[in-house]
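Secondary and tertiary structure notes
In case you want the letters, here they are:
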Amino acid sequence: MFKYILEGAGNINWMAIASLLTFMAVFLVSAVMAFRSQPAFIDKMANMPLDDSTPSFNAENDRHEK
């Protein structure tokens, strides 16, 4: 089946096929990692930008000129 699709697509070189396979491999690995991660970890990472319990900078340590 893939042979007929590639034949019908025209002059596709090996670089196009290699990049497609690389993209699919990275996409599948990231999808599997996303679905296998723990819900508690996902909630922690989702709330991290809104969490004010551990400030990264305060007025004494901020040496940037204003």
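Residues numbered from 1 in each chain as written. Predicted model: local features only at pLDDT ≥ 70, side-chain atom pairs only at ≥ 80, totals over all residues. Heavy atoms only, no water.

This brings us to the overall build of the protein. Along its length, the protein carries three helices and zero strands. Ordered by position from the N terminus, the helices and strands of the protein form the series α-α-α. Roughly 6,900 Å² of accessible area belongs to the protein as shown, and the carbon and sulfur atoms make up 66% of that amount. (Helix = DSSP H or I, 4+ residues; strand = E, 2+ residues; numbered from the N terminus. Areas by Shrake-Rupley, 256 points an atom, 1.4 Å probe, with all protein chains shown as cover.)

Below, the discussion takes up the confidence of the model for the protein. Predicted coordinates in regions of low pLDDT should not be interpreted in detail. Here the protein averages 79 in pLDDT, while 71% of its residues score no lower than 70. The secondary structure element of the protein with the lowest average pLDDT is helix α1 (residues 2-8), at 71, and the one with the highest is helix α2 (residues 14-36), at 92. (pLDDT = per-residue confidence, 0-100.)

Further remarks concern a nonpolar patch on the surface. Among the surface-exposed residues, L20, F23, M24, F27 and L28 lie close enough to one another that they form a single nonpolar patch of about 520 Å² accessible area. Within the secondary structure, F23 sits in helix α2. A residue is classified by how much of its surface remains accessible, and F23, at 52% relative accessible area, is exposed. (Patch = residues over 30% accessible without salt bridge, like charges linked within 9 Å, V, L, I, M, F, W, Y side chains within 5 Å. Salt bridge = Lys/Arg side-chain N within 4 Å of Asp/Glu carboxyl O. Buried < 20%, exposed > 50% of the residue type's maximum accessible area, 1.4 Å probe, protein only.)

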